[in-house]
Amino acid sequence: MKNNLTLTESIKLLGKKEISSVELTKYLLQNIEKRDKQINAFVTVNDKALDEAKLKDNKQTKGRLHGIPLVFKDNFLTKRLRTTASSKLLNNYIPQYNATVVQKLLDEGAFILGKTNMDAWAHGSSTETSDYGSTKNPWNLKHLPGGSSGGSAAAVVSDMAIASIGSETAGSIRQPAAWSGCVGLKPTYGRVSRYGVIAMGSSLDSPGPLTKTVEDAAVLLEILAGKDKYDSTTSNIDVQKYTDSIGKSIDSLKIGIAEDYLLDDMRSDVKDIVVSSAKVFGELGAKVEYVKTMDPHYAIGVYTIIQRSEVSSNLSRFDGVRFGNDRSYFGEEAKRRIMLGTFALSEGYTEKYYKNALKIRTLYINDFNSIFEKYDLIIGPTSPGPAKKVGATKGQDMFGEMEDILIEPSTIAGLPGISVPCGFVDGLPIGLNIFGTHFSESKIIKAADAFEKATDWHNRKPVVGSK
Amino acid sequence: MIKKTTFDKKFILKMANLSKLELKGDEAVYFSEQFNKTIETISDLKKLNTANTKEAYNITGLRNVFREDVVDPTRILSHQEAISGAKKTHKGYFVVKGIFR
């Protein structure tokens, strides 16, 4: 079997009966067996996966994902399958229901291969806050995969998964996609349901796919997007047929390169890669020019305050009474975030911190609104640099918030974006962040797909364990 | 500028208490140092003029989302399912720590 099957190829081959779901599942399980001791992308492998594959082979349905094994970040509730959010507080937690995202994919004929490692409670950009050990970068095991959806990214890149589902509060899909070298799509806030996703920042959290190609991400988003009666923040706006944006011309697009996102202290080779990537869009017919944006540095503060406030509120439900262990099982990162959030929301400080952050959130929204009157999309680096080394978070109490500086402005404004591989430095992948206004996923997919087809970065594969 | 001494060990212990967290060993001292650093890092927000700016409570324009107040049978858990995750139950009830001493 071809060792790097994409979701689109897998669907095609299964449809033509050239492969079976059992073969596909066995192949992935073998890869997990071979590689996951080194990578540590999985918290739980579904021991019934092969049985489910057999059932799929025996009974054909019309589901768009019939027979496809998928992996989910471990903060998506999966009925009767352990869900930990990579925290020992939930070490033995068995959910009684599925997250909407999970249910929608199962309804299309997919099944669960496993649950992937993440920063505990999604607090971080490295997986180093996981209570189950950090995941390693498939390109170089001495480096981190990014996070918080690091297990999902590493599983896809090392062919232990066909495609995976992650979630992003600010960077948690796109940054691990960039550091590990796959595609990560963060939809508009409210485009995909948060029901059954262990909450981090409820005004920010957005589930989305991490995949091998842009087309694969479009296939999954088409299924995931839409109003959910169980999540009142989901939008009524019609879901577009995102796969229609594949293979289309981008010559009508006007793209801005975010000048302020090429940070002063950023490595010049990373900047060069972004500038060369911008040229690709120009060669494809898009109009590309530099654009001024609001300074991204302020977003660190805004994001830190809003996110930690929402964390303190969301994690208050974990009392060890109805499910899970008691609060003594919270790790250092969770405690730090809960306490600062409690402070920012406390009597006498709300105006100064929480409300002021919400006001600056408005400033970012206004800034993007005025830019998107003139431009279709903005591009910039996903992350200031390539994957950092294992251990890099030690003593860095704002590691995640600092690393995601280039994603935070757009995410606090609720905007959708995608990270696609756009080059390598030191043998590690670099990601290009392409983002647009609310509900502009079709445009983003169109541009990302055109870029992917014009470049070869997504075809590069790591030899796991060679470094 | 906020004085560094504002967020001392005592203050951290108060936050921990409000958050129902128990801190071990010298964690309060450790968190206090980090707390001060974080507040300093985010203090750059003061440079921006927000006097005439409204808070963004909603970012995608949704307003007044209602639903019918009806029972959704697909979401009902059986009694057994509802308590299935609890460590301690008594005759089908959750057991909580005593509140009064």
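Residues numbered from 1 in each chain as written. Chains lettered and ligands numbered in written order. Predicted model: local features only at pLDDT ≥ 70, side-chain atom pairs only at ≥ 80, totals over all residues. Heavy atoms only, no water.

### What to know about the overall build of chain B
Assigned secondary structure in chain B consists of three helices and two strands. In chain B, the succession of helices and strands from N to C terminus is α-α-α-β-β. Over its C-alpha trace chain B gives a radius of gyration of 23 Å, far above what one expects of a compact globule, namely 13 Å for 101 residues. Seen through its principal axes, chain B has C-alpha atoms that stretch 55 × 45 × 20 Å. A buried classification covers 29% of the 101 residues belonging to chain B. Here the contacts in chain B between residues at least 6 apart in sequence split such that 38% fall between residues at least 24 apart. Of the charged side chains in chain B, 19 are positive and 12 negative, and the gap between their average positions amounts to 6 Å. (Helix = DSSP H or I, 4+ residues; strand = E, 2+ residues; numbered from the N terminus. Rg over C-alpha atoms; globule rule 2.2 N^0.38 Å. Buried < 20%, exposed > 50% of the residue type's maximum accessible area, 1.4 Å probe, protein only. Contact = heavy atoms within 4.5 Å. Lys, Arg positive; Asp, Glu negative; His and termini not counted. Charge placed at Lys NZ, Arg CZ, Asp CG, Glu CD.)

### Describing the overall build of chain A
Secondary structure assignment for chain A yields 14 helices and eleven strands. Its C-alpha atoms give chain A a radius of gyration of 20 Å, within 12% of the compact-globule value 23 Å for 467 residues. Expressed as lengths along the three principal axes of its C-alpha atoms, the size of chain A is roughly 60 × 60 × 45 Å. The burial tally for chain A puts 68% of its 467 residues in the buried class. Of the roughly 15500 Å² of accessible surface on chain A, 48% is carried by carbon and sulfur atoms. Side-chain charges in chain A split into 59 positive and 55 negative, and the spacing between the mean points of these groups amounts to 4 Å. (Areas by Shrake-Rupley, 256 points an atom, 1.4 Å probe, with all protein chains shown as cover.)

### Side note on the interface of chain B and chain A
Taken residue by residue, the interface counts 51 residues in chain B and 55 residues in chain A. Buried surface at the junction of chain B and chain A, summed over both partners, amounts to about 4600 Å²; 66% is from carbon and sulfur atoms. Contact with chain A buries surface across chain B, with Leu21, Leu45 and Ile59 of chain B losing the most and accounting together for 15% of the total. Here chain B is connected to chain A by three salt bridges. Note that lysine 229 of chain A is salt-bridged to aspartate 72 of chain B, the shortest N-O span being 3.7 Å. Residue assignment for the side of chain B that touches chain A shows that the elements contributing at least two residues are helix 1 (9–18), helix 2 (27–41) and helix 3 (79–82) of chain B. For the side of chain B that touches chain A, the element with the most residues is helix 2 of chain B, which contributes nine residues. (Buried area = accessible area lost by both parts, 1.4 Å probe. Salt bridge = Lys/Arg side-chain N within 4 Å of Asp/Glu carboxyl O.)

### Section: helix 8 (residues 268–283) of chain A
The α-helix advances 3.6 residues per turn, and as a result positions three or four apart in sequence lie on the same side. All names here are of chain A. Here helix 8 is 16 residues long and its end C-alpha atoms lie 23 Å apart, about the 22 Å a rise of 1.5 Å per residue gives. Of all the residues in helix 8, the buried ones are Val270, Ile273, Val274, Ser277, Ala278, Val280 and Phe281. When helix 8 is viewed along its axis, its buried side chains cluster within an angular range of 145° and face the same direction. Among the exposed residues of helix 8, those oriented more than 90 degrees off its buried face are Ser268, Lys279 and Glu283. Each element contacted by the buried residues of helix 8 is listed here: strand 7 (254–258), strand 8 (287–291), strand 9 (377–381), strand 10 (417–425), strand 11 (428–436) and helix 14 (441–454). In the segment just after helix 8, glycine 285 is the residue with positive phi, at about 105°. (Expected span 1.5 Å × (residues − 1). Arc of directions from axis to C-beta.)

### Considerations on the nonpolar core
All names here are of chain A. Of all hydrophobic cores here, the largest spans 167 residues; its most connected members are Leu65, Leu105, Trp121, Phe281 and Ile434. If you tally residues by element for this core, the top one is helix 11 (residues 351–374), at ten residues. Aside from chain neighbours lying at most four places away, what touches leucine 105 is Leu65, Leu70, Phe72, Ala110, Ile165, Leu220, Ile223 and Leu224. (Core = buried A, V, L, I, M, F, W, Y, C linked by side-chain atoms within 4.5 Å.)

### Topic: the pairing of strand 6 (residues 206–211) of chain A
Residue and element names in this part refer to chain A. Across the six residues that make up strand 6, a large majority, six, are buried. Relative to strand 6, strand 4 (residues 164–168) runs antiparallel, the two sharing five bridges. Across the sheet, serine 164 pairs through a bridge with leucine 210, a residue of strand 6. (Pairing = 2+ DSSP bridges.)

### A short note on the packing of aromatic side chains
Summed over the entire model, instances satisfying the criterion amount to 23 aromatic pairs over all chains. For the ring pair phenylalanine 343 of chain A and tyrosine 353 of chain A, a centre distance of 5.2 Å and an interplane angle of 55° mean the geometry is tilted. Of this pair, phenylalanine 343 of chain A sits in helix 10 (residues 332–344) while tyrosine 353 of chain A sits in helix 11; the two residues are ten residues apart in sequence, bridging distant segments of the chain. Note on phenylalanine 11 of chain B and phenylalanine 35 of chain B: the rings are 5.2 Å apart at their centroids and 75° apart in plane angle, and the pair reads as edge-to-face. Highlighted residues: phenylalanine 11 of chain B in helix 1 and phenylalanine 35 of chain B in helix 2, separated in sequence by 24 residues. Take phenylalanine 11 of chain B and phenylalanine 35 of chain B: they sit in the same class, and that class is buried. In this structure, lysine 254 of chain A packs its charged tip against the face of tyrosine 375 of chain A, placed 5.0 Å from the ring centre. (Phe/Tyr/Trp six-rings, centres within 6.5 Å; stacked < 30°, edge-to-face > 60°. Lys NZ or Arg CZ within 6 Å of the ring centre and 35° of its normal.)

### What to know about the pairing of strand 2 (residues 69–73) of chain A
Residue and element names in this part refer to chain A. A large share of strand 2 lies buried, amounting to five of its five residues. Taken together, the five bridges between strand 2 and strand 3 (residues 111–116) define a ladder with parallel strand orientation. Along strand 3, the bridge assignment pairs phenylalanine 72 with lysine 115. Taken together, strand 2, helix 4 (residues 100–107) and strand 3 form a β-α-β motif whose crossover is right-handed. (Right-handed = clockwise from strand over helix to strand, strands pointing away.)

Taken by themselves, the reported measurements are silent on function.
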